[in-house]
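Fold and contact review
So the chains spell out like this:
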Amino acid sequence: TPAAAVMRALAESSGTILCFQPGAWEIGRTIADIVRSVPADVDVVPLHGGLAPAEQDTALEPDGARRRIIVCTNIAETSLTVPGVTAVVDAGVEKLARYDADRGVDSLRIERISQAAADQRAGRAGRLGPGVAYRLWERTDRLRPYREPDIQRVDLSGVALDIAGWGADPATF
């Protein structure tokens, strides 16, 4: 389980731990599991796009006096740098928008990450020194090399209409 892997990382590393989960609900569940076992001198905080900016800033503020476990979405994969990370726990899944032709809307689905995303996440550990990544999938699992481009997954009609509304041609924008 992610909580068990986090506890192992806590015992085997010395800095901040990033634990990747696909969404806010999974983050909340993982935090609830972790706080049952974590020592009182370790902070456990969420980090995802649904948090207010001040809450996101709190997760990113370095605190040299206390260890931290940050349970996050892929927002911490490339969008920002979390200081002091020495271990990453990666569930190997993410939420991606995908067009649902039956309903005519985009919806979020939990899917396996790509190898590129797995490498990027692992690279978050030990940017300034030694680090370790705990991957919560079988070594024999084959990940696709790269994430499918958004243009192949989501409905772009709203974007095309916005561009047309601005007076530009969506085909040449």
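It should be noted that the structure appears before, not after, this text.
Notes on the structure in this doc start here. (Residues numbered from 1 in each chain as written. Predicted model: local features only at pLDDT ≥ 70, side-chain atom pairs only at ≥ 80, totals over all residues. Heavy atoms only, no water.)

Considering the nonpolar core
Ranked by size, the top nonpolar core spans 18 residues in total, and within it I17, I34, V38, V44, I69, V71 and V89 carry the most contacts. Broken down by secondary-structure element, the contributors of at least two residues to this core are helix 1 (2–12), strand 1 (16–20), helix 2 (24–35), strand 2 (42–47), strand 3 (67–72) and strand 4 (85–90). For this core, the element with the highest residue contribution is helix 1, accounting for five residues. L18, I75, V82 and V88 belong to the second-largest nonpolar core, a separate cluster that totals 15 residues. (Core = buried A, V, L, I, M, F, W, Y, C linked by side-chain atoms within 4.5 Å. Buried < 20%, exposed > 50% of the residue type's maximum accessible area, 1.4 Å probe, protein only. Helix = DSSP H or I, 4+ residues; strand = E, 2+ residues; numbered from the N terminus.)

Some points on the sheet that holds strand 7 (residues 132–135)
One open sheet accounts for five strands, arranged 2-3-1-4-7; its pairing is parallel. The open sheet terminates on both sides in strands that have one partner only, identified here as strand 2 and strand 7. For this sheet, the mean inter-axis angle between neighbouring strands, taken without regard to orientation, is 15°. In this structure, strand 4 lies alongside strand 7, joined through four bridges in parallel fashion. Bridge pairing in strand 7 links D90 to R135. Packing of helix 3 (residues 53–60) onto the sheet brings it into contact with strand 2 and strand 3, and relative to strand 2 it is tilted by some 140°. Against the sheet, helix 5 (residues 115–122) contacts strand 1, strand 4 and strand 7, and its axis sits at roughly 140° relative to strand 7. (Pairing = 2+ DSSP bridges. Axes fitted to C-alpha atoms, helices over the stretch in contact; angles between N-to-C directions. Contact = heavy atoms within 4.5 Å.)

Digging into the side chain of R121
Along the chain, the position of R121 falls in helix 5. The buried category is assigned to R121, whose relative accessible area is 0%. Discounting chain neighbours no more than four positions away, the residues touching R121 are F20, N74, E77, V88, D90, G92, V93, E94 and I113.

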